[in-house]
Amino acid sequence: MHIEQLKLKNYRNYDELELSFDNKVNVIIGENAQGKTNLMEAIYLLAFTKSHRTSREKELIQWDEKYAKIEGRLSKRNRQFPLEVIFSAKGKKAKLNHIEQQRLSGYIGMLNVVMFAPEDLTLVKGPPQIRRRFIDMELGQIQPRYIYHLTHYQKILKQRNHLLKQLQRKVTKDDVMLDVLTEQLIEHATSILERRFTFLKLLKKWASPIHYGISRKIERLDIRYSPSIEVLEDENKEKIESIYQKEFSKIKDKEIERGTTLIGPHRDDLVFYVNDRNVQVYGSQGQQRTTALSLKLAEIELIYNEIGEYPVLLLDDVLSELDDFRQSHLLNTIQGKVQTFVSTTSVEGIHHDTLKEADLFTVHAGTVNKNA
Ligand SMILES: Nc1ncnc2c1ncn2[C@@H]1O[C@H](COP(=O)(O)OP(=O)(O)OP(=O)(O)O)[C@@H](O)[C@H]1O
Ligand SMILES: [Mg+2]
């Protein structure tokens, strides 16, 4: 799949912009603070309706404006799909084929995007929520049903935490309601966990050989799920459900005492191992970088295998950060098959042949020009 056209209005430092792209590598060149990341973010927003760098949607709207609009035309399986996301004080709207989608699960997944940015190094070292977000985004974009379960899970979790707080403060004694919410929470938690396990298997299958290659055949990558309950990664749905039921009834009093939900997918984590050592704890900067890169490259293949089309790849400011070997590895992987947006302050230091055939765009103060 590839993006044929992108239109921006009142978005970040872009007043108005219209660009067309070919299904190839597009290099976005510009000095600092000219709008490179903003452009990458716009494509990311078109895919997920969420930013990769902020949860405050107001920031996306140009200062002193009332709304921000991002439109794109996606080409997929030889068909064209208009996509549109609008942010305003009233919230956000996502349109597919000009029709507003009430549910995120009806929108996300249409455009598949894999982004690799400097922040992705924190995927390995950072706090657990970064890794949970990674699974949720990646799994969500290949399985709309996952988003459905996740949205419901989060809603019920909020209600349940609220009730637990009230029980804690003895404002209410309604633990029948607590049992009802627990039952509902378990239903979605079970589906989430089961889907995460399946996804993890696929991710491992693709990431391990890639990591082995990038590390010049010296590092073996393993990824393990670290759940908040005692469960094995190949457990089936019924088993997962019964484990949740047992655990939740065991910790009921403790949850009331603490006033919050203590187990569930929102408390789980991923752990990466290189040659059987935890990368988060023992990994060098380079190993962490390789791990993050392997995961991103794995996603490209994973999405291709699940969806039948390659995703759009966004490389924000990372190419020049990689050594020549990793750079070539990455560019060889995508060469000729993945529409890629590469942002950089300078093309010096990027040697690969892929760049010779790329389209170049120059960004300056919120305007973009295609180089002749
Ligand atoms: N809501 C907004 N309205 C107007 N301008 C904004 C808004 N949000 C961000 N900007 C401006 O957009 C500019 C470009 O930001 P961007 O992150 O895209 O830069 P960049 O080209 O990626 O730079 P760098 O090379 O440093 O990463 C910044 O100067 C920022 O102040
Ligand atoms: Mg930037």
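Refer to the structure printed above.
About the criteria used
- Residue numbers run consecutively from 1 along every chain, following the written order of its sequence.
- Each chain is given a letter, starting from A, and each ligand a number, starting from 1, according to the order in which they appear as written.
- For a predicted model such as this one, the threshold for reporting local features is a pLDDT of at least 70, and the threshold for listing and counting side-chain atom pairs is 80 or more; totals across whole chains, interfaces and linings nevertheless cover every residue.
- Where side-chain values are given, they derive from all heavy atoms of the structure, hydrogens and water being excluded.
- Proximity criterion: a residue is near a molecule or strand once any of its heavy atoms comes within 4 Å of it.
- Here a polar contact is recorded for every N or O atom pair within 3.5 Å, except that within protein the pair must consist of a potential hydrogen donor and a potential acceptor, and residues adjacent in sequence are included only if both atoms are side-chain atoms.
- Gly falls in the polar group here, along with every residue not listed as nonpolar (Ala, Val, Leu, Ile, Met, Phe, Trp, Tyr, Cys, Pro) or charged (Asp, Glu, Lys, Arg).
- A strand pair is defined by DSSP finding two or more bridges across the two strands.
- Elements are defined by DSSP. Helices are runs of H or I of four residues or more, strands are runs of E of two residues or more, and each kind is numbered from the N terminus.
- Angular values range over 0 to 180 degrees, each being the angle between N-to-C directions of two axes fitted as lines to C-alpha atoms, with helices fitted over their stretch in contact.
- Each patch groups residues whose relative accessible area exceeds 30% and which form no salt bridge, using 9 Å between like charges and 5 Å between nonpolar side chains of Val, Leu, Ile, Met, Phe, Trp and Tyr.
- Surface accessibility follows the Shrake-Rupley procedure with a 1.4 Å probe radius. Residue values consider only the protein chains on display as shielding.
- Here, a salt bridge means any side-chain nitrogen of Lys or Arg that lies within 4 Å of a carboxyl oxygen of Asp or Glu.
- Roughly parallel means an angle under 35 degrees; roughly antiparallel, over 145; roughly perpendicular, 65 to 115; everything else is oblique.
- The contact criterion used throughout is that any non-hydrogen atoms of two residues lie within 4.5 Å.
- Here, expected helix span is obtained from the residue count minus one, scaled by 1.5 Å.
- Here's how the labels work: a residue is buried when its accessible area is under 20% of the maximum for its type, exposed when over 50%, partly exposed in between, all with a 1.4 Å probe on protein chains only.
- What the arc covers is the set of directions going from the helix axis to the C-beta atoms.
- Within 6.5 Å between ring centres, the rings of Phe, Tyr and Trp (the latter by its six-membered ring) count as paired, and their orientation is classed by plane angle as stacked under 30 degrees, edge-to-face over 60, tilted in between.
- Charge over a ring is defined by NZ of Lys or CZ of Arg lying within 6 Å of the ring centre and within 35 degrees of the ring normal.

Asks: Looking at this structure, how should I read the site of ligand 1?
Replies: The environment of ligand 1 is formed by 16 residues, the closest being A33, K36, T37, N38 and E59. The separation between an oxygen atom of ligand 1 and a polar main-chain atom of A33 is 2.7 Å. The separation between an oxygen atom of ligand 1 and a polar main-chain atom of G35 is 3.0 Å. Here the shell around ligand 1 is built from residues that sort into 3 nonpolar, 7 polar and 6 charged.

Asks: Before we go on, may I ask you to explain the sheet that holds strand β8 (residues 113-116) in this structure?
Replies: Where strands meet in a sheet, backbone hydrogen bonds hold them as pairs that are either parallel or antiparallel. If you trace the 6 strands from one edge of the open sheet to the other, you get β8-β12-β13-β3-β14-β15, paired in mixed fashion. In this open sheet, the two strands that pair with only one neighbour each are β8 and β15 (367-370). Direction aside, the axes of adjacent strands within the sheet are offset by 20° on average. Pairing geometry for strand β14 (residues 359-364) and β15, over 4 bridges, is antiparallel.

Asks: What should I look at first to understand a nonpolar patch on the surface in this one?
Replies: Together, V176, M177 and V180 line one region of the surface with nonpolar side chains, adding up to about 250 Å² of accessible area. Note on placement: V176 falls in helix α5 (residues 175-214).

Asks: Even after reading the chapter, I still don't get the packing of helix α9 (residues 285-307) against helix α10 (residues 324-334), so can you show me in this structure?
Replies: Axis angle and axis distance: for two packed helices, these are the angle between their axes and the distance between the axes, and together they describe the pair. Put simply, α9 and α10 touch, their axes get as near as 11 Å, and they point 5° apart. The orientation of α9 with respect to α10, classified from their angle, is roughly parallel. Listed contacts from α10 to G286, R289, T290, L293, L297, I300 and E301 of α9 are R326, H329, L330, T333 and I334. For the contact of α9 with α10, the residue count by class is 5 nonpolar, 4 polar and 3 charged.

Asks: Hey, could you run me through helix α6 (residues 237-250) in this one?
Replies: In an α-helix there are 3.6 residues to a turn, and that puts residues three or four apart on one side. If you check α6, its first and last C-alpha atoms are 20 Å apart, about what 14 residues at 1.5 Å a residue would give, namely 20 Å. Buried residues of α6: I240, I243, Y244, E247 and F248, and no others. Each buried residue of α6 lies within a common arc of 125° when the element is viewed along its axis, so the set occupies one face. Facing away from the buried side of α6 by more than 90 degrees, the exposed set consists of E238, K246, S249 and K250. Taken together, the buried residues of α6 touch α4 (144-168), α5 and α7 (252-258). Sitting at the amino-terminal end of α6 is N236, which places a side-chain oxygen 3.3 Å from the backbone nitrogen of E238.

Asks: How do you make sense of the pattern of salt bridges when you look at a structure like this?
Replies: Once the charged atoms of two side chains with opposite charge are near each other, the side chains can pair. Within this structure, the stated rule accounts for 22 salt bridges. The partner of E321 in a salt bridge is R289, and the shortest N-O contact between them spans 3.6 Å. Here E321 is found in the loop between β12 (312-316) and α10, whereas its partner R289 is found in helix α9, with 32 residues between them in sequence. For E321, a relative accessible area of 49% corresponds to the partly exposed category. Overlapping salt bridges, with partners in common, bring together R12, E41 and R53 in one network.

Asks: Would you explain the sheet that holds strand β4 (residues 67-76) in this entry?
Replies: The 6 strands lie next to each other as β2-β1-β4-β5-β6-β7, forming an open sheet whose pairing is antiparallel. Because the sheet does not close on itself, it has two edges, and the strands there are β2 (14-20) and β7 (99-100). The sheet contact formed by strand β5 (residues 79-88) and strand β6 (residues 91-96) spans 6 bridges and is antiparallel. Along β6, the bridge assignment pairs S88 with G91. Sheet contacts for helix α1 (residues 36-48): β1 (2-11), β2, β4 and β5; angle to β1, the most-contacted strand, approximately 110°.

Asks: Any chance you could explain unusual backbone geometry here in plain terms?
Replies: A negative phi angle characterises most non-glycine residues, just as the trans form characterises most peptide bonds. Of note, the phi angle at R12 is positive, near 45°, even though the residue is not glycine. Position of R12 among the secondary structure elements: in the loop between β1 and β2. Even without being glycine, A365 reaches a positive phi, approximately 45°.

Asks: For this particular structure, what's the right way to read the environment of H364?
Replies: Position of H364 among the secondary structure elements: in strand β14. A distance of 3.4 Å separates polar atoms of two side chains, one belonging to H364 and the other to Q34.

Asks: I keep staring at α9 and nothing clicks. Help me out?
Replies: With 23 residues, α9 extends 33 Å between its outermost C-alpha atoms, agreeing within 8% with the 33 Å of an ideal straight helix rising 1.5 Å per residue. Burial runs high along α9: 17 of the 23 residues are buried. Remark: G308 follows α9 within two positions and exhibits a positive phi of approximately 90°.

Asks: Got a minute to help me understand the packing of aromatic side chains in this structure?
Replies: Per the stated rule, a full pass over the model turns up 6 aromatic pairs. When the centroid spacing of 4.1 Å and the interplanar angle of 10° are considered together, the rings of Y304 and Y310 count as stacked. On the basis of relative accessibility, which here comes to 13%, the residue Y310 falls in the buried class. Chaining the aromatic ring pairs together yields one cluster made of F21, F341 and F361. In this structure, R145 is placed above the aromatic ring of Y148, and the distance from its NZ or CZ to the ring centre is 4.0 Å. The side chain of R277 reaches across the aromatic face of Y282, ending 5.9 Å from its centre.

That's the geometry; what it means functionally is another story.
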